[in-house]
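Residue strings, one per chain:
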Amino acid sequence: MIKKFIRRILGSKTKAIDHTKATELTPKEHGIDPKLVSSNAIRVTQTLQEAGFKAFLVGGAVRDLLLGIKPKDFDIATNATPEQVKKLFRRAFIIGRRFQIVHVMFGQDLLEVTTFRGASTEAAPKDEHGRVLRDNTFGEQHEDAVRRDFTINAMYYDPATQVVLDYHCGMADIRNKTLRIIGVPEARFREDPVRLLRVVRFAAKLGFTIHPETAAPIKVMAPLINNVPAARVFDEMIKLLMSGQALACLQQLRKEGLHHGLLPLLDVVLEQPLGEKFVRLALASTDARVKQGKPVSPGFLFAALLWHQVLEKWSAYQAAGEMPIPALHLAADDVLNSQTEQLALQRKIASDMRDIWAMQPRFERRTGKAPYKLLENLRLRAGYDFLLLRCASGEIDAELGEWWTAFMEGDAGERETLMTQKPRAVDGAPKRAKRRGGRGRARPDEGGGAAE
Ligand code: ATP
Ligand code: MG
């Protein structure tokens, strides 16, 4: 009665729930199918438990199990220290300097074992915007739970007893398909602005609704993303783009105003109808590949996201008198350089992007030795897929893509015939189907003056 009264005067935000005590959910209540748990994850929890420690599956794996999805990886939480964990496994490596975690390997399989984190302290060092820089103490399980991001990510599953421990009503949120941050939303986003991206990714990936109190500060806090180290933003962006729901994620990011800080050049691209269409097609095809279990290359994805910006700059350099090929390289440099501040594109990814872009004008050469040379290019498949996207988006004539499909699939005789064909465009020059939105500039090598 008194509790009820206090709750009423403190308002709805205060819930009379003791977050230091977990609700224990039985298999009947949580419905996890034990067959979805990897045997290696069970080996780890079992070994730790036999040595006298507590050990649970935690985080995304438990969330996915509760949703009936087979988790793609398993994180384990324990009260054993990293040193204690390491001693129990043959191939175990302590990684991270500030907050150590242990990577336990079984063949190709990697399991991440984390010691329960302690309560976050006021004294933890922060940057000038309030982002916590270091806060790495070990603690109790309930303290570990409170430091996790969303209620649905803060449940612990013991494969031995098949009990789920739920400290923050995560099960109710799973049932209601709600994403709710633990604690005070503003404070949690400020502590770690990457959570702004995570909330959007999970909402799109799981088809969950963001709880209004969690959603409210997102728009105003979006600029905080700008002061997160680029490498962390990049890791989160890759997860987002490879989630199989990249298109939905990007739409949600735009809705929340979060895309500004991520791919600054993407803003410009998405404002042009043709650029938007290209990005939409690229992401839809990526999502389809992910769903079919096919590999997706981050280089291809980023090359697609930024292509229309490259096109813009490519035209500008040619207008300034550069020849097409050097102009394309200059444009690629500009785009890659202006991206790296926000998003640490790894060198391999940047070089894949450059290869895909550089190949595009080479598809326009359909005579002599050029097409045969291109067939030998190791990146041909990526370049060709990219070409087809350009055709599908209406940037270039579909005929070029059709020609290359026939050329790649054809035998020697068919290839020779194709080489003698005149392309549909005037003067044998490859035809640009339409100019890109609004900027009716002609390419110098096309003789200029072409109308929209
Ligand atoms: P995914 O399916 O993408 O792997 P996940 O929830 O497992 O989703 P991870 O990045 O693997 O995401 O993180 C594992 C767990 O660690 C999360 O479920 C959450 O409990 C915790 N966590 C991760 N990042 C944060 C963060 N920025 N703030 C608080 N907790 C986090
Ligand atoms: Mg995970």
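Each remark here, short or long, concerns the structure printed above.
Residues numbered from 1 in each chain as written. Chains lettered and ligands numbered in written order. Predicted model: local features only at pLDDT ≥ 70, side-chain atom pairs only at ≥ 80, totals over all residues. Heavy atoms only, no water.

Visitor: Explain the sheet that holds strand S7 (residues 155–158) here, please?
Guide: Two pairing modes exist for strands in a sheet, parallel and antiparallel, and in both the strands are linked by backbone hydrogen bonds. Across the sheet, 8 strands lie side by side as S1-S8-S7-S2-S3-S6-S5-S4; this open sheet has mixed pairing. Since the sheet does not close on itself, it has two edges, and those belong to strand S1 (23–25) and strand S4 (92–95), each with one partner. Strand-to-strand, the axes of this sheet are offset by a mean angle of 30°, without reference to chain direction. (Pairing = 2+ DSSP bridges. Helix = DSSP H or I, 4+ residues; strand = E, 2+ residues; numbered from the N terminus. Axes fitted to C-alpha atoms, helices over the stretch in contact; angles between N-to-C directions.)

Visitor: Help me out: how do you make sense of the nonpolar core in this one?
Guide: Counting 95 residues, the largest nonpolar core has Leu48 and Trp357 as the members making the most contacts within it. For this core, the leading source of residues is helix H16 (residues 298–319), giving 11 residues. Two domains each donate at least three residues to this core, and these are domain 1 (18–176) and domain 2 (266–420). Filtering out sequence-adjacent residues up to four positions away, Leu48 remains in contact with Phe53, Ala55, Ile76, Thr78, Ala80, Val85, Leu88, Phe89 and Val113. (Core = buried A, V, L, I, M, F, W, Y, C linked by side-chain atoms within 4.5 Å. Buried < 20%, exposed > 50% of the residue type's maximum accessible area, 1.4 Å probe, protein only. Domains from an automatic or database assignment. Contact = heavy atoms within 4.5 Å.)

Visitor: What am I meant to see in the site of ligand 1 here?
Guide: Around ligand 1, 17 residues are found, and the nearest of them are Arg63, Asp192, Arg195, Arg201 and Lys239. Residue Asp149 places a main-chain N or O atom 3.2 Å away from a nitrogen atom belonging to ligand 1. In isolation ligand 1 offers 590 Å² of accessible surface; the protein chains occlude 83% of this area. Among the elements of the structure, helix H4 (60–66), helix H9 (194–206) and helix H12 (230–241) are those that each provide at least two residues to the shell around ligand 1. (Near = heavy atom within 4 Å. Polar contact = N/O pair within 3.5 Å; in protein donor to acceptor, adjacent residues only side chain to side chain. Areas by Shrake-Rupley, 256 points an atom, 1.4 Å probe, with all protein chains shown as cover.)

Visitor: When you look at the pattern of salt bridges in this model, what are you seeing that I'm missing?
Guide: Side chains that differ in sign of charge can pair as their charged atoms come close. According to the stated counting rule, one finds 21 salt bridges in the structure shown. Of the charged contacts in the structure, one is a salt bridge between Lys21 and Asp18, with a shortest N-O distance of 3.7 Å. We classify Asp18 as partly exposed; its relative accessible area is 40%. Of the charged contacts in the structure, one is a salt bridge between Asp173 and Arg180, with a shortest N-O distance of 2.9 Å. Given the relative accessible area of 21%, Arg180 is considered partly exposed. Residues participating in the shared-partner salt-bridge network are Asp149, Arg198, Arg201 and Glu236. (Salt bridge = Lys/Arg side-chain N within 4 Å of Asp/Glu carboxyl O.)

Visitor: Got a minute to help me understand H16 in this structure?
Guide: For an α-helix, the turn length of 3.6 residues means that residues three or four places apart are oriented alike. Its 22 residues place the ends of H16 31 Å apart at the C-alpha level, agreeing with the 32 Å of an ideal helix rising 1.5 Å per residue. Most pronounced at Leu306, the bend in H16 amounts to some 50°. Most of H16 is tucked away, with 17 of its 22 residues classed as buried. Trailing H16 by a residue or two, Gly321 shows a phi angle of about 105°, which is positive. (Expected span 1.5 Å × (residues − 1). Bend = angle between axes of the 7 residues up to and from the residue.)

Visitor: What am I meant to see in the environment of Arg415 here?
Guide: As for its position among the elements, Arg415 is in helix H22 (residues 412–420). A residue is classified by how much of its surface remains accessible, and Arg415, at 18% relative accessible area, is buried. Measuring from C-alpha to C-alpha, the distance between Arg415 and Tyr372 comes to 9.4 Å, with 43 residues separating the pair along the chain. Once residues lying within four places of it in the same chain are set aside, the contact partners of Arg415 are Tyr372, Leu375, Phe407, Met408 and Gly410.

Visitor: Teacher, can you tell me more about the environment of Gln346 here?
Guide: Take Gln346: it is sitting in the loop between helix H17 (324–340) and helix H18 (347–359). Residues Gln346 and Ala231, 115 residues apart in the sequence, show an inter-C-alpha distance of 8.8 Å.

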